[in-house]
Amino acid sequence: MPGSLLRVGVIGYPIDHSLSPKLFNYWLKKYSLNGSYEAYAVKTNEIKTFLSKMTDLGLIGFNVTVPHKQEIINYVDHLSESARRIGAVNTVSIKNGLFFGDNTDGFGFIENLKQNSNFHNFINGDCIVLGAGGAARAIVNALVEVKAKNIKIINRTQEKAEILANNFGDTVNVLNWKKRHESLKNASLVVNTTILGMRGNDQLDLNLNVLPKKALINDIVYVPIETKLLKDARVRGNPTVDGIGMLLHQARPAFLKWFGKDPLVTDKLRNYMLDSKKNWN
Ligand code: ATR
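Our subject in this report is the structure included herewith. (Residues numbered from 1 in each chain as written. Predicted model: local features only at pLDDT ≥ 70, side-chain atom pairs only at ≥ 80, totals over all residues. Heavy atoms only, no water.)

### Let's talk about the site of the ligand
Okay, step 1: Around the ligand, a shell composed of 13 residues is seen, among which Ala132, Asn155, Arg156, Thr157 and Lys160 lie nearest.
Okay, step 2: A distance of 2.8 Å separates an oxygen atom of the ligand from a polar side-chain atom of Lys160.
Okay, step 3: Burial of the ligand by the protein chains amounts to 68% of its free accessible area of 640 Å². (Near = heavy atom within 4 Å. Polar contact = N/O pair within 3.5 Å; in protein donor to acceptor, adjacent residues only side chain to side chain. Areas by Shrake-Rupley, 256 points an atom, 1.4 Å probe, with all protein chains shown as cover.)

Right, dumping it as structure tokens:
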């Protein structure tokens, strides 16, 4: 393989669950690149020490996962515009000893929908975002960037939704969690960013009766790959997009930056990643 070894990785705690090493190593092999991607279990109180060793370790960048996506902001030298607006970093690139933080979750969200739907048909009506956590922040920001006309955030804790909405202009509004069922009446897109429906958690209780049949439903949960929400939507004839693609696409900008190649998200890759978790359905 040409060139010297380029080392990157992911930090988080716990880190065993991370699918990123499998994903990056698949692409490194596919494109015959001389790189390595390792998972580093780093506790919150160890971040500073770990970062001071980065250059010694020879890393040119790293991904950041739970629970450090916000904390890491305190340690980067430069924040991208989207990372600043989202208030979280998932990718750090190191250049001349300086740390550049970016957030690619919104990119992953949009690219997943673009690859699996006629995306632009779905941002003209109400775009309903369920949840107001970190993922919702990235998704609302991305929807604003693609000029979605009417974004409505619905969260169990309404105050969190209001804080999120306040970062944006009047295309972003908040609706009450108790009114989530009837809020679907003019929806063109519904995105679940809560943990509801994820294995081990309660189901999302959402009655789809008034949802237009053309509306697209996207769940960012991907364990199981078809959540109850996606199944309910599919059964009544709505188009659906599952969550694994967001995970795959959000990794592309980091791979491009570090290895100079924008990697493809293919069905083969998708199946390979899903294979790593038996009994996902
Ligand atoms: P992430 O950063 O991955 O988005 P998070 O910040 O922990 O995760 O956010 C989890 C989301 O799931 C929140 O919107 C949370 O709602 P609250 O803000 O009210 O906590 C939502 N959520 C979690 N459990 C829930 C439940 N039982 N019912 C409704 N919403 C729930």
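### Focus on the packing of helix α5 (residues 105–116) against helix α6 (residues 134–145)
Okay, step 1: At a closest axis distance of 8 Å, the pairing of α5 and α6 adopts a crossing angle of 65 degrees. Two packed elements cross with a definite hand, and for α5 against α6 that hand is right-handed. Touching Asp105, Gly106, Phe109 and Ile110 of α5 are Ala138, Ile139, Ala142 and Leu143, all from α6.
Okay, step 2: Here the contact of α5 with α6 is composed, by residue class, of six nonpolar, one polar and one charged. (Axes fitted to C-alpha atoms, helices over the stretch in contact; angles between N-to-C directions. Helix = DSSP H or I, 4+ residues; strand = E, 2+ residues; numbered from the N terminus. Left-handed = near helix turned anticlockwise from the far one by under 90°. Contact = heavy atoms within 4.5 Å. Nonpolar A, V, L, I, M, F, W, Y, C, P; charged D, E, K, R; others polar.)

### Overview of α6
Okay, step 1: The terminal C-alpha atoms of α6 lie 17 Å apart, and with 12 residues this matches the ideal 16 Å at 1.5 Å per residue to within 8%.
Okay, step 2: Directly beyond the C-terminal end of α6, a positive phi value near 65 degrees is found at Lys147. (Expected span 1.5 Å × (residues − 1).)

### Brief notes about the side chain of Ser80
Okay, step 1: Within the fold, Ser80 resides in the loop between β4 (78–79) and α4 (81–86).
Okay, step 2: Side-chain polar atoms of Ser80 contact the backbone nitrogen of Ala83, separated by 3.1 Å.
Okay, step 3: A polar atom in the side chain of Ser80 sits 2.7 Å from the side chain of Asp102.
Okay, step 4: Each residue touching Ser80, except ones within four places of it in the same chain, is listed here: Gly101, Asp102 and Asn103.

### A word on the sheet that holds strand β7 (residues 126–130)
Okay, step 1: Read across the open sheet, the six strands follow the order β9-β8-β7-β10-β11-β12; overall the sheet is parallel. Pairing within the sheet leaves two strands with one partner each, and these edge strands are β9 (172–176) and β12 (240–241).
Okay, step 2: Relative to β12, strand β11 (residues 216–219) runs parallel, the two being bridged by two bridges. Note on β12: the bridge partner recorded for Ile217 is Thr240.
Okay, step 3: Strands β10 (187–192), β11 and β12 of the sheet are contacted by α5, whose axis makes an angle of about 135 degrees with β11. (Pairing = 2+ DSSP bridges.)

### Some details on the pairing of strand β6 (residues 98–102)
Okay, step 1: The side-chain alternation of β6 yields one buried face, formed by Phe99 and Gly101, and one unburied face, formed by Leu98, Phe100 and Asp102.
Okay, step 2: Here β4 pairs with β6 via two bridges, running parallel. Residue pairing for β6: Leu79 is matched across the bridge by Gly101.
Okay, step 3: Turn length for the strand β5 (residues 91–95)-β6 hairpin, with the two strands adjacent in sequence and antiparallel, is two residues, and the turn residue Asn96 shows positive phi of about 50 degrees. (Buried < 20%, exposed > 50% of the residue type's maximum accessible area, 1.4 Å probe, protein only.)

### Here's the deal with the sheet that holds β6
Okay, step 1: Ordered in space as β2-β1-β3-β5-β6-β4, the six strands form an open sheet in which the pairing is mixed. The open sheet terminates on both sides in strands that have one partner only, identified here as β2 (35–41) and β4.
Okay, step 2: Of the strand pairs in this sheet, strand β3 (residues 59–64) and β5 are connected by three bridges, and their pairing is antiparallel. Opposite Asn63, over in β5, you have Thr91 as the bridge partner.

### Some points on the packing of aromatic side chains
Okay, step 1: Scanning the model with the defined rule gives 10 aromatic pairs in all.
Okay, step 2: Between Phe24 and Trp258, the ring centres sit 6.0 Å apart and the planes meet at 35 degrees, which makes this aromatic pair tilted. One end of the pair, Phe24, is in helix α1 (residues 20–30); the other, Trp258, is in helix α10 (residues 252–259), and 234 residues separate them in sequence. Grouping residues by exposure puts Phe24 and Trp258 together as buried.
Okay, step 3: Measuring from centroid to centroid gives 6.4 Å for Tyr31 and Phe255, while their planes differ by 50 degrees, and the two rings are tilted. In this pair, Tyr31 sits in the loop between α1 and β2 while Phe255 sits in helix α10, placing the two residues 224 residues apart along the sequence.
Okay, step 4: Since its relative accessible area comes to 0%, Phe255 is described here as buried. (Phe/Tyr/Trp six-rings, centres within 6.5 Å; stacked < 30°, edge-to-face > 60°.)

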